[in-house]
There are 2 protein chains.
Amino acid sequence: MATMQFRSKPFAAATSAFRAGTITPRDFLEDCLAAIAAREDEVHAFAALNLAGARHQADLASARWREGRPLSPIDGMPIGIKDVIETADMPTGMGSPLFEGTMTGRDAASVFALREAGAVIVGKTVTCEFAATEPGPTRNPHDLRRTPGGSSSGSAAAVGAGMLSAGLGTQVIGSIVRPASYCGCHGFKPTVGAINRGGSHDFNSQSAQGVLAASLADCWQVMREIARRAGGDPGCWPFQGPEEPPAARVPARLAFIETAGWAVATPAARQAIEALLDDLAGFGIAIGQRGSDPLVEDIERLIAGALPLSQALNAWESRWPLNLYAARAPEKLSLAMRSRLAMAEAMTPEVYAGNLARRQVVRDAYAQLRGRYDAVVTLAAPDVAPIGIESTGNPVFAVPGSMLGVPALSLPVFAIGGLPLNLQIMGFARDDADLFAVAGAIEGIIDPPV
Amino acid sequence: MATMQFRSKPFAAATSAFRAGTITPRDFLEDCLAAIAAREDEVHAFAALNLAGARHQADLASARWREGRPLSPIDGMPIGIKDVIETADMPTGMGSPLFEGTMTGRDAASVFALREAGAVIVGKTVTCEFAATEPGPTRNPHDLRRTPGGSSSGSAAAVGAGMLSAGLGTQVIGSIVRPASYCGCHGFKPTVGAINRGGSHDFNSQSAQGVLAASLADCWQVMREIARRAGGDPGCWPFQGPEEPPAARVPARLAFIETAGWAVATPAARQAIEALLDDLAGFGIAIGQRGSDPLVEDIERLIAGALPLSQALNAWESRWPLNLYAARAPEKLSLAMRSRLAMAEAMTPEVYAGNLARRQVVRDAYAQLRGRYDAVVTLAAPDVAPIGIESTGNPVFAVPGSMLGVPALSLPVFAIGGLPLNLQIMGFARDDADLFAVAGAIEGIIDPPV
């Protein structure tokens, strides 16, 4: 029953059935656990599982829905936690031999909030080492020869394989937008700082905690329910919005950016988004782009160096704790991490301050698009997931949104040779709710409700 | 030999002797350890000590100075670490029964940097519970009936008692500026974010890691050597400046602010700073203040509510991990912490976002003083340290600088009834080096070099 195993598990779509009593969150969980039982041995999405705990929590949620008093719209939602985010009941291994099996004894802020909202924490999902580039054992559920992407590899694969409704992720370069594309699920990276990262090994200045999920509504509700209870990072605008996902809003104008990724995107990927832009234009949406709008041209120029600039920022910001780890057991750090540390140790505070200023210039330029466009669209990746799991693929399309600190959605709308490829929609800082409204309209145009 | 025991231990002043070989860092450490042996039983500045480790490190530093190749200007400096900041070799108790004796197995970013610079980590200094208000056992070395202030109680008392050249501190309300005043040492709170807080239980958005030290030069060099090696918080301007403290620069104009503290300052405290302002005016420095400058009047009005606004921000930002602790063992949280959690749980992200916006308004108004004044002066506390150790005293003069996120120095220049009281000088965000230059000039005017 391969079809059953691949069936996506959108949770928001099931809550009316919970309310009606036709199915329960426990039933819903068992469907997920069946997919895990069927496919986890080959997908390797999980670093740890707590099945007994999940069943217990799902039973409690079932009783609450039955009594008409769910704790939140995600009460009973089966969710996975990226393994850089701490959980009291499971180890937090960070994809590193330095932390394998480490019990920290506490829940991260977002995990504590999820439990308060009634979510069912099924397991820890595989991450690249320290949410960076050294991959774990996860394989793409759509083709086991291929990478699921990273660094939120396990969350993407588990949601893509129908094992979970949602998985927490983090993104500092391309770690949500890209794996969502490779695994054909939704991915959301909020405005930087909008979701509290307390208790997560995720401290870089342009990193954000977000979610991979089976639907746009699931993305919304996971973020919203966490933010009600944990807020954002200290000093940062916290994710805000209504309990139900914002109503769809058809955009008047979209900017299309090629990014540095266009040069490496496959012809099929280019054709996929160009055809979509034609459809949107046919629907009356104005598309601005390089050639037609000098401001977009400016942005293209400024974001061309997003990857090396982001890497330089990340390196300096990671000097500690990498120096600590290197002093403890250098052989347990990947070559990539040792290189990052060496890069940091050759830097000075002055160089870092200069890089920060350069990033701010790009952010200020991008902010000029606000008001002129409703959102910015591009691909989520240059192609479908590449073959091989020794690399998590090219993050070139995702890194501009990370550097800009703006909200970004990865929407599973394309298919090439039977494999998924996502559209990316980027919004403006703090306008996360509006980005969901625009994305809802675009999904509606592509796949109109009956 | 009470006088010997009280002798301050400025380290920067000793380095020429190290270079000349007339004394060694080991000798210098032994002077500190003698003060600890003589007074620690009654002062209780330390939560933990590592004397063998300190002696070993001091011997290594002695050899390096002898060979003319110190690791940094603070190579061999005896320093204490506030007990919310992690150390690999000593427990990090956070002033809380929840963490008593907890070994985290790692050095915080600043501690790792200090060790790289050759500093001698003598011990962990007593902190209030989670760097807030519930006091530890520390007593004021100048009068054991009195509080040392808090929450950096142990660092202030140890430096004030001549046990250390410096101690790391943190300030989110008044936790460096006030205890420095009560204990008669120098205190420095940098621009918010300027010193890396990785590995410290110190996550509030207006909290900063700083230092209490035996001289202005010691403050400078501790901050500067940490920042070279650990930078600031991710995304924040990192502390920068020359290896030697900036040369004194006589200010042309100073703003004097009363703050909400003026109403509760004692007549003796008021007279002390008024006399100083007269002296400075006599030296040709223009003083602007309420009455003479409407802009200062605006600032006075805007900072009047600094304490409740800061408390509201801190509460929401502390919801996690306080909720985690309360779930684990509520009886091990102080009443103050349980109240803070209850305050947070009654708040929403929208309320927090509103408070952030209110703080930004005050910061923007204060920034208008830049260019118009070289620095802003006020008292560091309403009076000398009060009697009793059940409270750490009134933070009213320190909280504006915390809320504003600007650098603040607490300078031991007054004495009332034989007890110390400090002048506070506040600067402008990122102009930390300039604040040291101005402070150096003011110290020179008050106590001119022979």
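Note that the coordinates shown come from a computational prediction; the quantities given were computed from them, not determined experimentally. Along each chain, the written sequence defines residue order, and numbers are assigned to residues from 1. Lettering of chains starts at A and numbering of ligands starts at 1, both following the order in which they are written. Restriction of local features to residues with pLDDT of at least 70 applies here, the model being predicted, together with a cutoff of 80 or more for giving and counting side-chain atom pairs; totals for whole chains, interfaces and linings are based on all residues. Side-chain descriptors were evaluated using all non-hydrogen atoms of the structure, hydrogens and water having been removed beforehand.

(A) Summary view of the overall build of chain A. Along chain A, the regular secondary structure elements total 16 helices and eleven strands. Based on C-alpha atoms, the radius of gyration is set beside the globule rule, defined as 2.2 Å times the residue count to the power 0.38. Expected size for 450 residues packed as a compact globule is a radius of gyration near 22 Å; at 20 Å, chain A falls within 12% of this value. The burial tally for chain A puts 63% of its 450 residues in the buried class. In this analysis, two residues are considered to be in contact whenever any of their non-hydrogen atoms come within 4.5 Å of each other. Of the contacts formed within chain A by residues at least 6 apart in sequence, a portion of 77% connects residues at least 24 apart. Note that accessible areas follow from Shrake-Rupley with a 1.4 Å probe, and for residues the cover is restricted to the protein chains shown. About 14,800 Å² of surface is accessible on chain A, with carbon and sulfur atoms providing 54% of the total. Of the side chains in chain A, 38 bear a positive and 45 a negative charge, and the two mean positions are spaced by 3 Å. Helix and strand labels come from DSSP, where a helix needs a run of H or I of at least four residues and a strand needs a run of E of at least two; each type is numbered from the N terminus. We call a residue buried when its accessible area falls under 20% of the maximum for its residue type, exposed when it is over 50%, and partly exposed in between, using a 1.4 Å probe and counting protein chains only. Asp and Glu count as negative and Lys and Arg as positive, but His and the ends of the chain are not part of the count. In this description, the location of a charge corresponds to atom NZ of lysine, CZ of arginine, CG of aspartate or CD of glutamate.

(B) Here's a closer look at the packing of helix α11 (residues 306–317) of chain A against helix α14 (residues 349–367) of chain A. All names here are of chain A. Here, axes are lines fitted to C-alpha atoms. For helices the fit covers the stretch in contact, and angles between N-to-C directions go from 0 to 180 degrees. Viewed as axis vectors pointing N to C, α11 and α14 meet at an angle of 140°, and their least axial separation amounts to 10 Å. Put simply, α11 runs oblique to α14. The interaxial crossing formed by α11 with α14 has left-handed handedness. Where α11 approaches α14, its residues L309, A312, L313, W316 and E317 are matched on the opposing element by P349, Y352, N355, L356, R358 and R359. Grouping the constituent residues of the contact of α11 with α14 by class yields seven nonpolar, one polar and three charged. Should an angle fall under 35 degrees it is called roughly parallel, over 145 degrees roughly antiparallel, and 65 to 115 degrees roughly perpendicular, with every other angle called oblique. Two helices cross in a left-handed way if the nearer one is turned anticlockwise from the farther one by less than a right angle. They cross in a right-handed way if the turn is clockwise. Only Asp, Glu, Lys and Arg are considered charged in this grouping, and only Ala, Val, Leu, Ile, Met, Phe, Trp, Tyr, Cys and Pro are considered nonpolar; every other residue, Gly among them, is considered polar.

(C) Geometry of the sheet that holds strand β2 (residues 78–82) of chain B. All names here are of chain B. Only when DSSP finds a minimum of two bridges between them are two strands counted as paired. Read from one edge to the other, the open sheet built from eleven strands follows the order β1-β3-β2-β4-β6-β5-β10-β11-β9-β7-β8, with strand pairing classed as mixed. The open sheet has two edge strands with one neighbour each: β1 (46–49) and β8 (286–289). Taking the axes of each pair of neighbouring strands and ignoring which way they run, one obtains an average angle of 30° across the sheet. Here strand β9 (residues 375–379) runs beside strand β11 (residues 419–426); their pairing, made up of four bridges, is antiparallel. By the bridge assignment for β11, V377 is matched with I425. Sheet strands in contact with helix α4 (residues 51–66) are β1 and β3 (120–125), and its direction is about 155° off that of β3. Sheet contacts for helix α16 (residues 432–446): β5 (186–189), β7 (253–256), β9, β10 (408–416) and β11; angle to β10, the most-contacted strand, approximately 15°.

(D) Region of interest: the relation of the copies chain B and chain A. For these two chains of identical sequence, chain B goes onto chain A by a turn of 180° and a shift of 0.0 Å along the axis, with RMSD 0.0 Å. The transformation just described matches what one would write down for a two-fold rotation axis. The position closest to the rotation axis in chain B is occupied by the C-alpha of T104 of chain B, lying 5.0 Å away. Residues below a pLDDT of 70 in either copy are left out; the C-alpha atoms of the rest, at least 70 in both, set the least-squares superposition of the copies.

(E) View of the pairing of strand β6 (residues 208–213) of chain A. Residues and elements named next belong to chain A. In terms of residue burial, β6 counts as a mostly covered element, since six of its six residues are buried. Neither face of β6 is open: one carries A208, G210 and L212, the other Q209, V211 and A213, and all of them are buried. Sheet topology note: the strand β4 (residues 166–171)/β6 ladder contains six bridges and is antiparallel. Bridge assignment links G169 to a residue of β6, and that residue is G210. Examined bridge by bridge, strand β5 (residues 186–189) and β6 share three bridges and lie antiparallel to one another. Among the inter-strand pairings, G187 is bridged to a residue of β6, identified as L212.

Honestly, it's all geometry; don't read function into it.
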